[in-house]
Amino acid sequence: MSNYGVGLVIVLYLSMLFVIAYVAEKNKRSKWTNNPYVYTLSLAVYCTAWTYYGSVGIASSSGISFLAIYLGPVLAMPLWIVLMKKVIRISKQHKISSIADFISIRYGNNRQLGALVTLTCLFAIIPYISLQLKAVSETFSLISAKGSYQSTGFFDDSTFYIALLIAVFVAFYGTLSTDTSEHRKGIVATVALESILKLCFFLAIGVYVVFYLFDGTTDIYEQASLRENFDQLTTFGGLGNGFNWLFTICLSFFAVFLLPRQFHVAVVENDNENHLRKAIWLFPLYLLLFNLFVISIAWAGNIRLDAAVNHDYYSMLLPLQQSDYGLAVMVFIGGFTTVISMIVVSTLALSTMVSNNIVIPYGFIKTLVEGNPEENAKRIKNIRRISIFLLIIVAYFFYIHFSVQLSLYSIGLISFLIIAQLAPSFFLGLTWRRGTARAAETGMLVGLAIVFYTIFLPVISNIVRPNVDVLTEGLFGYAWFKPAQTFGFDYLSPESNAFLWSMAFNTLSFVAFSLNTKGNYRERNYAEMFVNHENYGNLQEGGFIWKGEAYVADIKRLLNRFLGEQRTNRALQLFNRKYNISETEERADARLINFSEKLLTGSIGSASAKILLASVSKETPISLVEVLHILEESKETKANNKLLQEKSNELAAMAQQLKLVNEELRIQDKLKDEFLDTVAHELKTPVTSIKAASEVLEDSDMPAELRTKFLENINKDSDRLDTLIRNILDLEKLSGNRTELEMDDYDMSDTIQKAIHGVEQIASKKGVSIKFSKKHNVFARYDEDRILQVLTNLLSNSLKFTEPQTGKIKILLEELEAEVSVIVKDNGRGIPDEDKDYIFDKFYQSKNQNIKKPQGSGLGLAICKKIVESHSGTISVDNHYKKGAVIRFSIPKEQ
């Protein structure tokens, strides 16, 4: 394939990434960019060209030892749910945007330490970026059939232009905001997509090799077993190789926490702690799938290809050997994808660290203080953009001058070695209060010096002065000072040797200096917050200890220069509202200092934020005793506030209960008055009627027929009065639980038959049919007279509401496991929706009767309810029945 063809593919691919990043930035809140799967796939930026190409290369010569670099992250994942969650919480609270800021803040916002961490990361990652450029350059040469890996000149090298395109992409999407703690959904979305693509492409070439070039894994194994070095490729090796495995696993364990790109995607871009629950199993699964065909491709390359070719690129050379150029281009794009994602995230993280921990605090503080918000934002963005371009250009020149003699695997291990020097200050800083900034700096410098001596000195001497005595005879002629075999450990690989001694002396130096030196009050303050942040308010502003003199107006002017007036005013209003601070307050306290420092940290880094706030305040040093005293006071105050809040909540709940009880009493009082008024009215009506009729009967000349009619009216009103009084007394007894029930076992079918018999004469006269299918032996324990009263009331109501001649009443009996249920259904006028909630109330009469004047006292259904409830049962109206009325009551079989 021609250079121009491959170049066109690269341009089209980068254009696609630009589009995806643009859409993701426009839809930051979309579920497509905010979910645990995108978060986990972004973690797969761990898989670089080293994984895509280098694993095959090392597997072809060393067998399964390539797996060690992936076992570290797998072993680290279970710790993420505890350790990484803590790191994320701390970082969000302090608006931390890089590993350098994290370590710097832990040790009291130490500017020198932040710069040292940044330089360490630069030494580690620039060779790593050069590794990616090396992979692009060499695979570009293979796919374009150049036949050579070397370009003819600087401007003729396609890798240079690819590096520039990547720099443009990162500079554009990585510097949209000056606040580096904000999420960059465009970049994260592209990294997640690239993680899917590189996995799919690598699995595709694996399937092609195993099932197209060979007849499955068994065929590859049988052919590979005939080769001379087969035993070496299928064994773990001796004790020495076991140590190499152990040290490599430890290296990768540290790397998944400390690599700037991993810290960025795992911590800075995390917007939901719960995503960790998905990541701890999905990310190891991703690594497993990526390594599924590594051994097969490596053995296939050993079988099919000449030993002189670069083993790293077996996955591309195998399809090229078969003239399958389309598949080879797919492999190239997969490898290019791994390069893009690694360089993009790494340069983004490094540019933030360089600007926040080196350029701004050591060169631009004064300029920024004198500028306005717009100028400062532009300057900060330009600093980061220039940093991005310089990083990639430096990595390119490293690739040109040094990477030719190193394999992808070697460059990757060297980068891991350097970044591992952050481990003591990072991990011990999270768990041990005594760690100091001076100890962290000393430990790192000692570790870096040992790495330089054991790893870089041989590389540099081979270029500058080959066959130097120190490499073959050791320092000062002592054999146990040989760089690659320090203290005579000749069975370790150079990288394992460097890791063992650098980490040992780094950790010892850190611990020794921490025990023998005392950090200042800021270091002790932040140590308490990082180690015991749960005990001190989860790193809220109250956990920050500060003593001195500062004014709100000065801090506000400072914030205006970086955040703008509108954003500053909004932030301070929220702060004042949160802590109930007056807008007219002139003096600034520790909470405002801490709050302002965090606001500035997102834009210019913790070191610069500390310097700027120090310029507008006078801070007084605090002794350790004072720090602990203030922290204890803060703890006690919060405990008291919590107790007061609990008591306040209890009082509020009691007040609400009293309010409800008072309202209930008021309603009961009103009901009582209504009840008495209704009783008086109901009693007065028949008494008045009887009195009137009696007065008429005093007339001796009244015809006998008319006299008889008046006497009948008196008799009816007397019966009505008697029934009303009896019902009132009955209801009053039932309401007061003063009625003794005569409980016995009865067959409910017989009781229903008795009730029907009591009303059938009235039903026959009205032409209303009553149907009941008798069931035998449906026994329950109840007072039969009372249940008869309920049934008679329900049947009487149905007779009253149904039309003459067409009315139908149906009674259903249901026997359940623990209760007996009776349903009375009719086809009458039904119960209006507005009445259904009130028909069991005292003196309530439905207006939907078949006669002009409502009949009855309005106590019938209220008495029914009390009787059923006295049997521990329930009675209700079917709200869904529309063609009449359905009332159901149920009582337990056993009382």
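Here the structure is a predicted model, which is why all the values come from computation and not from measurement. (Residues numbered from 1 in each chain as written. Predicted model: local features only at pLDDT ≥ 70, side-chain atom pairs only at ≥ 80, totals over all residues. Heavy atoms only, no water.)

Trainee: Just to check I follow, could you spell out the overall build of the protein chain for this structure?
Mentor: Assigned secondary structure in the protein chain consists of 32 helices and 9 strands. Counting every position in the protein chain, which comprises 895 residues, the buried fraction comes to 52%. When contacts within the protein chain are restricted to residue pairs at least 6 apart in sequence, long-range pairs at least 24 apart make up 80% of them. (Helix = DSSP H or I, 4+ residues; strand = E, 2+ residues; numbered from the N terminus. Buried < 20%, exposed > 50% of the residue type's maximum accessible area, 1.4 Å probe, protein only. Contact = heavy atoms within 4.5 Å.)

Trainee: Quick question: what am I supposed to make of the packing of helix 4 (residues 68-94) against helix 11 (residues 239-258) here?
Mentor: When two helices pack together, their arrangement is given by the angle between their axes and by how far apart the axes lie. Running from amino to carboxyl end, helix 4 crosses helix 11 at an angle of 45°, the nearest separation of the two axes being 7 Å. If you check the angle between helix 4 and helix 11, you find them oblique. Between helix 4 and helix 11 lies a crossing of right-handed hand. Every residue of helix 11 that contacts helix 4 at Ala 68, Ile 69, Leu 71, Gly 72, Pro 73, Leu 75, Ala 76, Leu 79, Trp 80, Leu 83 and Met 84 is listed here: Trp 245, Thr 248, Ile 249, Ser 252, Phe 253, Val 256 and Phe 257. Taken together, the residues of the contact of helix 4 with helix 11 break down into 15 nonpolar, 3 polar and no charged. (Axes fitted to C-alpha atoms, helices over the stretch in contact; angles between N-to-C directions. Parallel < 35°, antiparallel > 145°, perpendicular 65-115°, else oblique. Left-handed = near helix turned anticlockwise from the far one by under 90°. Nonpolar A, V, L, I, M, F, W, Y, C, P; charged D, E, K, R; others polar.)

Trainee: Explain the confidence of the model for the protein chain here, please?
Mentor: The predicted structure's coordinates, where accompanied by low pLDDT, should not be read in detail. Per-residue confidence for the protein chain gives a mean pLDDT of 81; residues scoring 70 or more make up 82%. Counting contacts from residues 847-856, a segment whose pLDDT is below 50, to residues more than four positions away or on other chains yields 21 contacts. (pLDDT = per-residue confidence, 0-100.)

Trainee: When you look at the environment of Val 820 in this model, what are you seeing that I'm missing?
Mentor: Mapped onto the fold, Val 820 is located in strand 7 (residues 819-826). Exposure remark for Val 820: the relative accessible area of 0% places this residue in the buried category. When the C-alpha atoms of Val 820 and Lys 893 are compared, they prove to be 6.4 Å apart, with 73 residues separating the residues in sequence. Apart from the residues lying within four places of it in its own chain, the contact partners of Val 820 are Met 748, Val 778, Phe 779, Ala 780, Leu 813, Glu 814, Phe 889, Ser 890, Ile 891 and Lys 893.

Trainee: Help me understand a nonpolar patch on the surface, please; the structure alone is not making it clear to me.
Mentor: A contiguous nonpolar patch, built from Trp 281, Leu 285, Leu 288, Leu 289 and Leu 292 and spanning about 460 Å² of accessible area, is present on the exposed surface. Residue Leu 288 is classed as exposed on the basis of its relative accessible area, which comes to 52%. (Patch = residues over 30% accessible without salt bridge, like charges linked within 9 Å, V, L, I, M, F, W, Y side chains within 5 Å. Areas by Shrake-Rupley, 256 points an atom, 1.4 Å probe, with all protein chains shown as cover. Salt bridge = Lys/Arg side-chain N within 4 Å of Asp/Glu carboxyl O.)

Trainee: How should the sheet that holds strand 4 (residues 769-772) be read in this particular structure?
Mentor: In any sheet, the strands associate via hydrogen bonds between backbone groups, in a parallel or an antiparallel arrangement. Read across the sheet, 5 strands follow the order 4-6-7-9-8 without closing on themselves; strand pairing throughout is mixed. Of all strands in the sheet, those bounded by a partner on one side alone are strand 4 and strand 8 (874-877). Taken over all neighbouring pairs, the strand axes of this sheet differ in orientation by 15° on average, direction set aside. Judged from the 4 bridges that link them, strand 8 and strand 9 (residues 885-892) form a sheet pairing that is antiparallel. Paired with Ser 876 across the bridge in strand 9 is Arg 888. Contacts from helix 30 (residues 748-766) reach strand 4, strand 6 (808-815), strand 7 and strand 9 within the one sheet, and its direction differs from that of strand 4 by about 170°. (Pairing = 2+ DSSP bridges.)

Trainee: Any chance you could explain the environment of Ile 611 here in plain terms?
Mentor: Here Ile 611 shows up in helix 27 (residues 606-615). Counting along the chain gives 250 residues from Ile 611 to Pro 361, while the straight-line C-alpha distance between them is 7.7 Å. If we ignore the near neighbours within four places in the chain, the residues touching Ile 611 are Arg 111, Pro 361 and Ile 365.

Trainee: Looking at this model, I keep getting lost on unusual backbone geometry. Mind explaining?
Mentor: Residues apart from glycine generally show negative phi values, whereas peptide bonds are mostly found in trans. Phi is positive for Asn 109, which is not a glycine, with a value near 55°. Relative accessible area serves as the criterion here: at 2%, Asn 109 is assigned to the buried category. For Ser 872, which is not glycine, the phi torsion reads 60° and is therefore positive. Locating Ser 872 in the fold gives a position in the loop between helix 32 (860-870) and strand 8.

Trainee: Any chance you could explain the packing of aromatic side chains here in plain terms?
Mentor: Applying the stated criterion to the full structure yields 37 aromatic pairs. What links up through ring pairs into an aromatic cluster is the set Trp 80, Phe 102, Phe 243, Phe 247, Phe 253, Phe 254, Phe 257, Phe 263, Phe 426, Phe 427, Phe 499 and Phe 530. Positioned above the aromatic ring of Tyr 107, the side-chain terminus of Arg 106 is 4.4 Å from the ring centre. Positioned above the aromatic ring of Phe 214 is the side chain of Arg 304, whose terminal nitrogen or guanidinium carbon lies 4.6 Å from the ring centre. (Phe/Tyr/Trp six-rings, centres within 6.5 Å; stacked < 30°, edge-to-face > 60°. Lys NZ or Arg CZ within 6 Å of the ring centre and 35° of its normal.)

Trainee: How do you make sense of the pattern of salt bridges when you look at a structure like this?
Mentor: All chains considered together, the criterion is met by 11 salt bridges. The partner of Lys 134 in a salt bridge is Glu 138, and the shortest N-O contact between them spans 3.0 Å. With Lys 134 and Glu 138 both in helix 6 (residues 111-143) and 4 residues apart, the pair spans about one turn of that helix. An identical accessibility class is assigned to Lys 134 and Glu 138; each is buried. The closest approach of N and O atoms between Lys 774 and Asp 750, which form a salt bridge, is 3.2 Å. Of the two residues, Lys 774 sits in the loop between strand 4 and strand 5 (779-782) while Asp 750 sits in helix 30, which places them 24 residues apart along the sequence. Its relative accessible area of 38% is what places Lys 774 among the partly exposed residues.

Trainee: Hey, could you run me through the nonpolar core in this one?
Mentor: Soluble globular proteins: nonpolar side chains tend toward being buried together. With 170 residues, the main nonpolar core has Trp 80, Phe 257, Leu 258 and Phe 426 as its most contacted residues. One finds Leu 795, Ile 839, Ile 863 and Val 868 within the second-largest nonpolar core, a separate group that totals 40 residues. (Core = buried A, V, L, I, M, F, W, Y, C linked by side-chain atoms within 4.5 Å.)

Trainee: What's the story with the packing of helix 26 (residues 590-604) against helix 27 in this structure? I'm lost.
Mentor: Contact geometry of helix 26 with helix 27 gives a least axis separation of 7 Å together with a crossing angle of 135°. Classified by the interaxial angle, the pair formed by helix 26 and helix 27 is oblique. For the element pair helix 26 and helix 27, the recorded crossing hand is right-handed. On the side of helix 26, the interface is formed by Ile 593, Ser 596, Glu 597, Leu 600, Thr 601 and Ile 604, while helix 27 contributes Ser 606, Ser 608, Ala 609, Lys 610, Leu 612 and Leu 613. For the contact of helix 26 with helix 27, the class distribution of residues is 6 nonpolar, 4 polar and 2 charged.

Trainee: Looking at this model, I keep getting lost on helix 12 (residues 260-268). Mind explaining?
Mentor: Since the α-helix packs 3.6 residues into each turn, any two residues three or four apart lie on the same face. Burial analysis of helix 12 places 9 of its 9 residues in the buried class, the great majority of the element. Of all the residues in helix 12, the buried ones are Pro 260, Arg 261, Gln 262, Phe 263, His 264, Val 265, Ala 266, Val 267 and Val 268.

Trainee: So what exactly am I meant to see when it comes to the pairing of strand 6 here?
Mentor: Strand residues, when the strand is regular, have side chains that alternate between the two faces of the sheet. Two elements, strand 4 and strand 6, share 4 bridges in a ladder whose sense is parallel. The partner of Ser 769 across the bridge, within strand 6, is Lys 808. Here strand 6 pairs with strand 7 via 7 bridges, running antiparallel. Along strand 7, the bridge assignment pairs Glu 814 with Ser 821. Taking the residues that link successive antiparallel strands as the turn, the strand 6-strand 7 hairpin has 3 residues.

Trainee: Even after reading the chapter, I still don't get helix 9 (residues 216-224), so can you show me in this structure?
Mentor: Every buried residue of helix 9 is listed here: Gly 216, Asp 219, Ile 220 and Ala 224. Within helix 9, the buried residues cover an arc of 125° as seen down the axis, which keeps them to one side. Looking at the buried residues of helix 9, the elements they touch are helix 8 (185-213), helix 10 (230-233) and helix 14 (294-304). (Arc of directions from axis to C-beta.)

Trainee: What exactly am I supposed to notice about the pairing of strand 5 here?
Mentor: Here strand 5 shows a clear split, with Ala 780 and Tyr 782 buried on one side and none of Phe 779 and Arg 781 buried on the other. The pairing of strand 3 (residues 744-747) with strand 5 spans 4 bridges and is antiparallel. Each residue of the ladder has a partner; that of Asp 745, found in strand 5, is Arg 781.

Trainee: Would you mind showing me how to read the environment of Lys 774 here?
Mentor: Put simply, Lys 774 and Leu 813 are 39 residues apart on the chain and 8.0 Å apart in space, counted from C-alpha to C-alpha. If near-sequence neighbours (up to four positions away) are discounted, Lys 774 is found in contact with Ser 749, Asp 750 and Gln 753. Reaching out from Lys 774, the side chain makes a polar contact with the side chain of Asp 750 at a distance of 3.2 Å. (Polar contact = N/O pair within 3.5 Å; in protein donor to acceptor, adjacent residues only side chain to side chain.)

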